[in-house]
Amino acid sequence: MAEDKSMLFITCTAPVNIAVIKYWGKRDEELILPINSSLSLTLHQDQLKSTTTVAASRDFKEDRIWLNGKEENINHPRLQSCLREIRRLARKRRSSGDGHSNTLTLHYKVHICSVNNFPTAAGLASSAAGYACLVYALAKLYGLEGELSEIARQGSGSACRSMYGGFVQWIMGEKEDGSDSIAQQIEPETHWPELRVLILVVSAEQKPVGSTAGMQTSVKTSPLLKYRTQIVPKRMKEMIEAIKRQDFEIFGQLTMKDSNQFHATCLDTFPPIFYLSDISKRIINLVHKYNSHFGETRVVYTFDAGPNAVIYTRELHVDEFVEVVKHYFPPEENGEQVKHYKHTPPNSTTPQFQFLKGLPVNSVSVSEQLKSSIQMDPVKAGIQYIINTQVGPGPQLIEDANRHLLGKDGLPKQ
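Treat the numbers as computed from the prediction; the structure is a model and nothing was measured. (Residues numbered from 1 in each chain as written. Predicted model: local features only at pLDDT ≥ 70, side-chain atom pairs only at ≥ 80, totals over all residues. Heavy atoms only, no water.)

### Overview of unusual backbone geometry
Threshold: The secondary structure listing takes helices from DSSP runs of H or I that are at least 4 residues long and strands from runs of E that are at least 2 residues long, numbered from the N terminus.
For the peptide bond that leads from Phe270 to Pro271, omega is -5°, which places it in the cis range. Within the secondary structure, Pro271 sits in the loop between α6 (248–268) and α7 (278–294). Its identity as a non-glycine residue notwithstanding, Asn68 has a phi of 50°, on the positive side. Residue placement: Asn68 occurs in the loop between β8 (64–67) and β9 (70–72).

Right under this line is the structure:
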C-alpha cells in the first residue's frame, strides 16, 4: 500500500474464469443466488486479467468509477452492493478490533479505475474478472481478510469463482440469505500442469443479449433449464473426480456436453437466444472431426454467452491443433489483418496485429491424412486471433506504485 498524505492507493489484478459446468439462471436476482452449482478453470493473468486501482481520500467529494477509460455510473446496484458489503464488514471488524490498523477512515470516499486487457462484454467473463478485482482491491484497502467470494458474487455471479486460482466450484447453497453460496477451490493451479487453454476470438463485439437478461428469460420460459438443474449435481460430482485424477477424456466429454446443453437451453428460451455464430458451429464441427480422426478426445470446446470458443487441450497437442485452426480459418484471408500478421518490427511505433498471442506456439505441418479426415473448406473470415494460455492463480496485489491507474490527483492517468 502506498500513502500520499491524505490519499491511500491499492492496485490489484484478478483473473478470468471459464466454466466447464455452466451457471445459468438465478433463484434470487438481488443476491445473485444460482439455480445450480458450477465449476470453472481460472485462466492465467499473464494473458487475461482485470487491473483495478482504488484510491481513498478525505478530499474526495463522492465515490467515482472509471472502466476502460470511461467514467461509469457508480450508483449501479451491483457496484453499490459490493461497496456497501465491504464497508459493512470493515466497520464490523473494526468495532470488534479485528480490522487492519491503517489510517484509513471509513467515511473517506473512493475513486476506482479498472481496465481489462481483453474484450469487455464479448462473452469472455469480463464482469467476473472485474468484480473479483474490485472486491479484492477494496478488501486490501480496508484491511479485510478471509472469505470474500460471497461479496464478489453480488457483483457478478461468476466473479466469486475468480476469487481463487486453479479449479474452482461455486456451491449454489440453500440458505435464503446466500451465506452458503460461495466459491471453493477444488485444486490449485499447479494441479494439472500440462493443461492448456486456447481462446479462439471470433468476435470482440458486445454480445446481443446480456447474461442477466438472458438468464431471466430462460428461467421464465425454458423447460429444458428446469431439467438441467436435476442433472447438474451428478455432472458436478463426475467433473470434480475427473479433474482430481486428471482424466482428460471424461473432463472433455463432460465439458462439451455441458456447453451444448447450455446453448440448447438458450435455444429453448422463448424468444430464443443465439450466442453461437456460424463460425462457432464450424469450430465445434472441427473439434469433433479432429478427435474422431485420432479416436480419442484430444481437444475440447466450451462456449460461454458469446461466439468465442475456449479450447482445452494438453500441451503436446497445442502446436498441431493451432496449425489445424490456421489451416481452416487462415489469418491471411482476414482482409486488412494480413499486413499486420507478423510481429511488430524492431523500432516500429505502429501497432501490429498478432494472430497468435500468449504462450509461444511452434509451427508444425498438418498431415494430409488429417486434412482428408476432417474434410472442411477453409473460410475467408472467421477467427480474429488466438490466445494461448493456461490455468493460473487468483487475485494478486501489485506492490509497484508506478502501476497505479490513478494519479496523485485521484484521477485516471490516461
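### Re α7
The line we're drawing: Here a helix's expected span is defined as the number of its residues, less one, multiplied by 1.5 Å. Buried, partly exposed and exposed residues are distinguished by accessible area as a fraction of the type maximum, computed with a 1.4 Å probe on protein chains only: under 20%, between the cut-offs, and over 50%, respectively. The directions considered for the arc are those from the helix axis to the C-beta atoms. In what follows, a contact means two residues having at least one pair of non-hydrogen atoms within 4.5 Å.
Helix length check: α7, at 17 residues, gives a terminal C-alpha distance of 25 Å against a target of 24 Å (1.5 Å per residue), a fit within 8%. For α7, the full list of buried residues reads Ile279, Ser280, Ile283, Ile284, Leu286, Val287, Tyr290 and Asn291. On an axial view of α7, the arc spanned by its buried residues comes to 160°, and they lie on one face. Seen from the open side of α7, the exposed residues pointing more than 90 degrees away from its buried face are Asp278 and Ser292. Structurally, α7 contributes buried residues whose contacts are with β13 (195–201), α6, β14 (299–303), β15 (309–314), α8 (315–328) and α9 (368–374).

### Things to note about the packing of aromatic side chains
Defined as follows: Pairing of aromatic rings covers Phe, Tyr and Trp, the last through its six-membered ring, and needs centres within 6.5 Å; plane angles under 30 degrees mean stacked, over 60 mean edge-to-face, and all others mean tilted.
Within the structure shown, the criterion is met by 11 aromatic pairs. With a centroid separation of 4.9 Å and an interplanar angle of 65°, the aromatic rings of Trp24 and Phe262 are classed as edge-to-face. With Trp24 in the loop between β3 (17–21) and β4 (26–28) and Phe262 in helix α6, the pair connects residues that are 238 residues apart, well separated along the chain. Neither residue differs from the other here; Trp24 and Phe262 are each classed as buried. Residues Tyr301 and Phe303 carry aromatic rings whose centres are separated by 6.1 Å and whose planes lie at 50° to one another, so their mutual orientation is tilted.

### Description of the sheet that holds β3
To keep it simple, the criterion reads: The pairing criterion is simple: DSSP has to find at least two bridges between the two strands. Only the contacting stretch of a helix is used when fitting its axis, a line to C-alpha atoms as for every element, and angles between N-to-C directions run 0 to 180 degrees.
Spatial ordering of the open sheet is given by β3-β6-β11-β12, a layout of four strands whose pairing is antiparallel. Of all strands in the sheet, those bounded by a partner on one side alone are β3 and β12 (183–187). Ignoring strand direction, the axes of neighbouring strands in this sheet form an average angle of 35°. Together, β3 and β6 (38–42) form the strand contacts of α6, whose direction differs from that of β3 by roughly 95°.

### Considerations on the pairing of strand β10 (residues 109–116)
Among the eight residues of β10, six are classified as buried, and the element is accordingly described as predominantly covered. Summarising the sheet, strand β7 (residues 49–57) and β10 pair through eight bridges and their orientation is antiparallel. Paired with Val54 across the two strands is Ile112, which belongs to β10. Two elements, β8 and β10, share four bridges in a ladder whose sense is parallel. Along β10, the bridge assignment pairs Trp66 with Cys113.

### Here we look at the pairing of β3
β3 sits mainly inside the fold: five of its five residues count as buried. Strand direction decides the pairing type here: β3 and β6, joined by four bridges, are antiparallel. By the bridge assignment, Ile21 is partnered in β6 with Leu39.

### As for the sheet that holds β13
The strand order β14-β15-β13-β17-β16 describes an open sheet built from five strands, whose pairing is mixed. Each of the sheet's edge strands pairs with one partner strand only, and the pair in question is β14 and β16 (356–358). Each adjacent strand pair in this sheet contributes to an overall mean axis angle of 25°, direction not counted. Across six bridges, the pairing between β13 and β15 is antiparallel. Following the sheet pairing, Leu200 is matched in β15 by Ala309. Strands β13, β14 and β15 of the sheet are contacted by α6, whose axis makes an angle of about 25° with β14. Packed on one face of the sheet, α7 meets β13, β14 and β15 and runs near 160° to β14.

### Here's the deal with the confidence of the model for the protein chain
Predicted coordinates in areas of low pLDDT are best not read in detail. For clarity, the cut-off: The pLDDT value tells you how sure the predictor is about a given residue, anywhere from 0 up to 100.
Residues with a pLDDT of 70 or more make up 90% of the protein chain, whose mean pLDDT is 90. Every residue in residues 333–351 is under pLDDT 50, and counting partners more than four places away or in other chains gives 27 contacts.

### Points about the pattern of salt bridges
Stated formally: Any carboxyl oxygen of Asp or Glu within 4 Å of a side-chain nitrogen of Lys or Arg constitutes a salt bridge here.
Summed over the entire model, instances satisfying the criterion amount to 14 salt bridges. Among the ionic pairs, Arg87 bridges to Asp63, the shortest N-O distance being 3.0 Å. Note that Arg87 is positioned in helix α1 (residues 77–95) and Asp63 in the loop between β7 and β8, a separation of 24 residues in sequence. The residues Arg87 and Asp63 share a single accessibility class, namely buried. A salt bridge links Glu323 to Lys326; its shortest N-O distance comes to 3.8 Å. On the criterion of helical spacing, the pair formed by Glu323 and Lys326 is a turn pair, its members being three residues apart in helix α8. On the basis of relative accessible area, Lys326 is assigned to the buried category, the value being 16%. Each of Arg228, Arg235 and Asp258 takes part in salt bridges that share partners, so that together they form one network.

### Notes on the packing of α1 against helix α2 (residues 126–141)
Note the threshold: By the definition adopted for this analysis, an angle is roughly parallel if under 35 degrees, roughly antiparallel if over 145, roughly perpendicular if from 65 to 115, and oblique otherwise. A crossing counts as left-handed when the near helix is turned anticlockwise from the far one by less than a right angle, and as right-handed when that turn is clockwise.
It is at 10 Å that the axes of α1 and α2 come closest, and there the two elements cross at 25°. Between α1 and α2, the interaxial angle falls into the category roughly parallel. Judged by the sense of rotation from one axis to the other, the crossing of α1 with α2 is right-handed. Together, Arg78, Leu79, Cys82, Leu83 and Ile86 of α1 and Tyr131, Leu134, Val135, Leu138 and Ala139 of α2 make up the contact between the two elements.

### Description of the environment of Gly166
Here Gly166 is to be found in the loop between α3 (149–153) and β11 (167–170). Counting along the chain gives 21 residues from Gly166 to Glu187, while the straight-line C-alpha distance between them is 5.9 Å. Beyond its immediate stretch of four places on either side in the chain, Gly166 contacts Ser40, Leu41, Thr42, Gln185, Glu187, Pro188, Glu189, Val391 and Gly392.

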